[in-house]
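Spelled out, the chains give:
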Amino acid sequence: MKNLTEETQSTTEIFKGNVIALEIDTVRLPNGETATREIIRHPGAVAILAITTDKKMVFVEQYRKPVGGYIV
């Protein structure tokens, strides 16, 4: 799999409450360019599972900056 990890250059906290925090990260991409990521930190999670008409499950593996790694 291609390396898609992003290195955090800086983090700016926008809001910090009892349940969520909002941040803007400036990151360095694998190709050397920079980008920004708007991140919501919270204690929960959500997942969606796609099931085809022939009862097969579809999974996608993606790099996600807030967790700092790949998730399925």
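The coordinates are above.
Reading the values: the criteria
Residues numbered from 1 in each chain as written. Predicted model: local features only at pLDDT ≥ 70, side-chain atom pairs only at ≥ 80, totals over all residues. Heavy atoms only, no water. Buried < 20%, exposed > 50% of the residue type's maximum accessible area, 1.4 Å probe, protein only. Helix = DSSP H or I, 4+ residues; strand = E, 2+ residues; numbered from the N terminus. Pairing = 2+ DSSP bridges. Polar contact = N/O pair within 3.5 Å; in protein donor to acceptor, adjacent residues only side chain to side chain. Contact = heavy atoms within 4.5 Å. 1 Å grid on protein atoms, 1.4 Å probe; cavity = no way out; pocket = protein on both sides within 12 Å on 5 of 7 lines; lining within 4 Å. Points joined across faces, edges and corners; volume = space filled by probe spheres on them. Nonpolar A, V, L, I, M, F, W, Y, C, P; charged D, E, K, R; others polar.

(A) Representation of the pairing of strand E2 (residues 21–28) within the structure. Residues Ala-21, Glu-23, Asp-25 and Val-27 point to one face of E2 and are all buried, whereas Leu-22, Ile-24, Thr-26 and Arg-28, pointing to the other face, are not buried. Pairing between strand E1 (residues 7–16) and E2: eight bridges, direction antiparallel. Bridge assignment links Thr-8 to a residue of E2, and that residue is Val-27. The hairpin turn running from E1 into E2, its antiparallel successor, is four residues long. As defined by bridge partners, E2 adjoins strand E3 (residues 34–41) across eight bridges and the pair is classed as antiparallel. For Thr-26, the partnering residue across the bridge sits in E3 and is Thr-36. Connecting E2 to the antiparallel partner E3 that follows it, the hairpin turn spans five residues, and Gly-32 within it adopts a positive phi of roughly 95°.

(B) Local environment of the side chain of Lys-65. By secondary structure assignment, the location of Lys-65 is in the loop between strand E6 (62–64) and strand E7 (69–71). Side-chain polar atoms of Lys-65 contact the side chain of Thr-8, separated by 2.4 Å. Setting aside residues up to four positions removed in sequence, Lys-65 forms contacts with Glu-6, Thr-8, Asp-25, Val-27, Arg-37 and Ile-39.

(C) View of the layout of surface pockets. Size it by volume and the largest pocket reaches roughly 600 Å³. As for the largest pocket, its lining consists of 19 residues, and the residues nearest its centre are Ala-45, Val-46, Ala-47, Arg-64 and Ile-71. At the level of elements, E3 and E6 are the ones that each hand at least two residues to the lining of the largest pocket. Here the lining of the largest pocket is built from residues that sort into 14 nonpolar, three polar and two charged.

(D) The arrangement of the environment of Thr-11 in detail. Tracing the sequence through the fold places Thr-11 in strand E1. The sequence separation of Thr-11 and Leu-22 amounts to 11 residues, and the corresponding C-alpha distance is 10 Å. Discounting residues that sit within four places of it in the chain, Thr-11 has contacts with Glu-23, Ile-24 and Asp-25.

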